[in-house]
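So the chains spell out like this:
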Amino acid sequence: MSVPGAGTFRSLRNYNYRVWAAGALVSNTGTWMQRAAQDWLVLTELTRHNAQAVGIVMALQFGPQLLLMPWTGFAADHFNQRRLLVATQATMGLLALVLGLLTVTGLVQLWHVYVFAFLFGCAAAFDAPVRQTFVAELVGDGELSNAIALNSTSFNAARMVGPAIAGIVIASIGTGWAFLLNAASFVAVLCSLALLRTSELRPNARAHRAPGGMTEGFRYVWSRRDPRAIMIMLFLIGTFGLNFPIFISTMAVSVFHTDARGFGLLSSTMAVGTISGALLAAGRAQPKFISLLMGAATFGAGCTLAALAPSYWLFGGTLVLIGVAALTVTNTSNAMMQLSTEPRMRGRVMALRLGVALGGTPIGAPIVGWVADHLGPRWALGVGAAAGFAAALVAVRAMSARAADDHSDQTRA
């Protein structure tokens, strides 16, 4: 059993976590290649710089997080998590393969991208909550916060490399090959799941089947003040702020008039900030609410500076700041909610968290895309800035209520 200790990379002492992290890094790199290629395909090859079409793709891809939330959380809490991950990862690999073949052969149409975005979103909706809670099976609760932060470091290291590779691939041999490389990358994570030492896993408590089980997660979260505040913050930032495919692609194409390589570099630049935020989180002993407040406020400030950036490179610099802030909010909320939730409820609570954070995209992405098309990309970034500041106000209110309760308890004592 691993013993909690100091060190940013302490979870890597665990064999199972090392194997899992290696496979996930390769697969995540492919995923980010596909995301960049998908945005570029829609914006420049299938439409005439239509940001709203990119928003529709995002809505279809992330909408299932909300639509399927009761069932995805139920699956994560009731089924064998390792086997479920094998099924979801294999499905996403197959979808990437078919989309890649359609694109390489020149048969792809916009409606194909819409359909595959939705199907990929359905598979990802089942994958995401079990993938997040599976970390506890790998390392146990003692190292959970550190492992979550290292997962984000890996995810965002891939975010830094993937779009840059995609830009080179698109410019050199075509968009479809980015999808095919992503399909191949899923082999790595499937191999890592096969190589895990099952005897060393720490299975989470499985929930019992009972009437109302799908709604129990809603009641569980909403009855607690801090998780409720976190959910509201995630809804605001997730719905109107985490629309970077729209922000970055429209600024790159419409404002700075760059090519696929320049677009990929901007996406990778943002990942520098998210990696920094993940490493900072990995070094913290415990997640705290003040980190959520600072992250939300910094997110709002970063989007404001990005909207005002006069040049390509200054815009890229603001993306680093936004990346640190976004990762601070997402990582801290993830760790706080997992550590404060009973193990038998984690799957449903994580599904609810992801549904709120990503499921608002069907609302926010088309709106932000419309703003980018009709008012300009800089105004779209202004929407993200407003979301960050609003989330910071929610955090201030929650912390004030907590301070008032603590003062009341001390007075009675």
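Residues numbered from 1 in each chain as written. Predicted model: local features only at pLDDT ≥ 70, side-chain atom pairs only at ≥ 80, totals over all residues. Heavy atoms only, no water.

## Focus: the overall build of the protein
No. 1: Counting secondary structure elements, the protein contains 16 helices and zero strands.
No. 2: Its C-alpha atoms give the protein a radius of gyration of 20 Å, near enough to 22 Å, the size a compact globule of 413 residues would have.
No. 3: With the principal axes as the frame, the protein shows a C-alpha extent of 65 × 50 × 45 Å.
No. 4: Here the protein holds 413 residues, and the buried ones make up 56% of them.
No. 5: By sequence separation, contacts in the protein at least 24 residues apart represent 88% of the contacts at least 6 residues apart. (Helix = DSSP H or I, 4+ residues; strand = E, 2+ residues; numbered from the N terminus. Rg over C-alpha atoms; globule rule 2.2 N^0.38 Å. Buried < 20%, exposed > 50% of the residue type's maximum accessible area, 1.4 Å probe, protein only. Contact = heavy atoms within 4.5 Å.)

## Points about the packing of helix α2 (residues 51-67) against helix α3 (residues 69-78)
No. 1: Relative orientation of the contacting elements α2 and α3 amounts to 70°, with a least axis distance of 5 Å. Relative to α3, the element α2 lies roughly perpendicular. Only Met69, Pro70 and Trp71 of α3 make contact with α2, whose side of the interface consists of Pro64, Gln65, Leu66 and Leu67.
No. 2: A per-class count over the contact of α2 with α3 returns six nonpolar, one polar and no charged. (Axes fitted to C-alpha atoms, helices over the stretch in contact; angles between N-to-C directions. Parallel < 35°, antiparallel > 145°, perpendicular 65-115°, else oblique. Nonpolar A, V, L, I, M, F, W, Y, C, P; charged D, E, K, R; others polar.)

## A few points about a nonpolar patch on the surface
No. 1: A cluster of nonpolar residues, Leu67, Trp111, Val115, Phe118 and Leu119, forms a patch on the protein surface that exposes about 480 Å² of accessible area.
No. 2: The greatest single-element share of the nonpolar patch, amounting to four residues, is contributed by helix α5 (residues 110-139).
No. 3: For Val115, the location among the structural elements is in helix α5.
No. 4: Overall, the relative accessible area of 37% leaves Val115 in the partly exposed class. (Patch = residues over 30% accessible without salt bridge, like charges linked within 9 Å, V, L, I, M, F, W, Y side chains within 5 Å. Areas by Shrake-Rupley, 256 points an atom, 1.4 Å probe, with all protein chains shown as cover. Salt bridge = Lys/Arg side-chain N within 4 Å of Asp/Glu carboxyl O.)

## A look at the side chain of Asp39
No. 1: Residue placement: Asp39 occurs in helix α1 (residues 15-46).
No. 2: The buried charged residue Asp39 lacks any salt bridge partner; its closest oppositely charged side chain belongs to Arg35, at an N-O distance of 7.8 Å.
No. 3: Sequence-distant contacts of Asp39, defined by excluding residues within four places in its chain, comprise Val54, Pro245 and Phe263. (Lys, Arg positive; Asp, Glu negative; His and termini not counted.)

## Some details on the packing of α2 against α5
No. 1: In contact at an axis separation of 6 Å, α2 and α5 are set at 30° when each is read in the N-to-C sense. It follows from the interaxial angle that α2 and α5 lie roughly parallel. Here α2 and α5 pass one another in a crossing that is right-handed. Contacts between α2 and α5 involve Ala53, Ile56, Val57, Leu60, Gln61, Pro64 and Gln65 on the former and, on the latter, Val113, Tyr114, Ala117, Phe118, Phe120, Gly121, Cys122, Ala124, Ala125 and Ala128.
No. 2: Looking at the contact of α2 with α5 residue by residue, the classes come out as 14 nonpolar, three polar and no charged. (Left-handed = near helix turned anticlockwise from the far one by under 90°.)

## Overview of the packing of aromatic side chains
The geometry of two aromatic rings is summed up by the distance between their centres and the angle between their planes.
No. 1: In this structure the tally under the stated criterion is seven aromatic pairs.
No. 2: Where Trp20 meets Phe134, the ring centres are 5.7 Å apart and the plane angle is 70°; that geometry is what we call edge-to-face. Residue Trp20 is found in helix α1, and its partner Phe134 is found in helix α5; the two are separated by 114 residues along the sequence. In this structure, Trp20 and Phe134 share a single accessibility class: buried.
No. 3: Ring geometry for Phe256 versus Phe315: centroids 5.6 Å apart, planes at 45°, classification tilted. One end of the pair, Phe256, is in the loop between α10 (244-255) and α11 (260-283); the other, Phe315, is in helix α13 (residues 312-339), and 59 residues separate them in sequence. Take Phe256 and Phe315: they sit in the same class, and that class is buried. (Phe/Tyr/Trp six-rings, centres within 6.5 Å; stacked < 30°, edge-to-face > 60°.)

## Considering unusual backbone geometry
No. 1: In this structure, His49 takes a positive phi of about 55° despite not being glycine.
No. 2: As for its placement among the helices and strands, His49 is situated in the loop between α1 and α2.
No. 3: Positioned with a positive phi, His257 is a non-glycine residue whose angle comes to about 50°.
No. 4: Mapped onto the secondary structure, His257 falls in the loop between α10 and α11.
No. 5: You can call His257 exposed: its relative accessible area is 62%.

## Let's talk about α2
No. 1: With 17 residues, α2 ought to run about 24 Å at 1.5 Å a step, and its terminal C-alpha atoms sit 24 Å apart, in line with that.
No. 2: Approximately 30° is the largest bend angle found in α2, and it occurs at Gln61, with the proline Pro64 only one to four residues beyond.
No. 3: Counted residue by residue, α2 has 12 buried out of 17 residues, so it is predominantly covered.
No. 4: Taken residue by residue, α2 has Ala51, Ala53, Val54, Gly55, Val57, Met58, Ala59, Gln61, Phe62, Gly63, Pro64 and Gln65 as its buried positions.
No. 5: The backbone nitrogen of Gln52 has a side-chain oxygen 2.9 Å away, supplied by the residue at the start of α2, namely Asn50. (Expected span 1.5 Å × (residues − 1). Bend = angle between axes of the 7 residues up to and from the residue. Polar contact = N/O pair within 3.5 Å; in protein donor to acceptor, adjacent residues only side chain to side chain.)

## As for the layout of surface pockets
No. 1: Here the largest pocket defines a volume of roughly 150 Å³.
No. 2: Around the largest pocket, the lining residues are Arg225, Arg228, Ala229, Ile232, Val394, Arg397 and Ala398.
No. 3: Where the lining of the largest pocket is concerned, the elements lending two or more residues are α9 (225-240) and α16 (377-412).
No. 4: Of all the elements, α9 adds the most residues to the lining of the largest pocket, at four residues.
No. 5: Along the lines of polarity and charge, the residues of the lining of the largest pocket split into four nonpolar, no polar and three charged. (1 Å grid on protein atoms, 1.4 Å probe; cavity = no way out; pocket = protein on both sides within 12 Å on 5 of 7 lines; lining within 4 Å. Points joined across faces, edges and corners; volume = space filled by probe spheres on them.)

## Things to note about α10
For an α-helix, 3.6 residues make a turn, and residues three or four places apart therefore share a direction.
No. 1: Where burial is concerned, most of α10 is hidden: nine out of the 12 residues are buried.
No. 2: Those residues of α10 that fall on the buried side of the exposure criterion are Phe244, Ile246, Phe247, Ile248, Ser249, Thr250, Met251, Ala252 and Val253.
No. 3: Following α10 by one or two positions, His257 has its phi on the positive side, about 50°.

## A look at the pattern of salt bridges
Pairing of side chains with opposite charge becomes possible as their charged atoms draw close.
No. 1: Tallied over the entire structure, the rule returns three salt bridges.
No. 2: With its nearest N and O atoms 2.6 Å apart, the salt bridge here joins Arg131 to Asp127. Of this pair, Arg131 and Asp127 both sit in helix α5, four residues apart, roughly one helical turn.
No. 3: Accessibility expressed as a relative area gives 29% for Arg131, which makes it partly exposed.
No. 4: Notably, a salt bridge pairs Arg197 with Glu200, separated by 3.3 Å at the nearest N-O pair.
No. 5: Assessed through its relative accessible area of 36%, Glu200 is described here as partly exposed.

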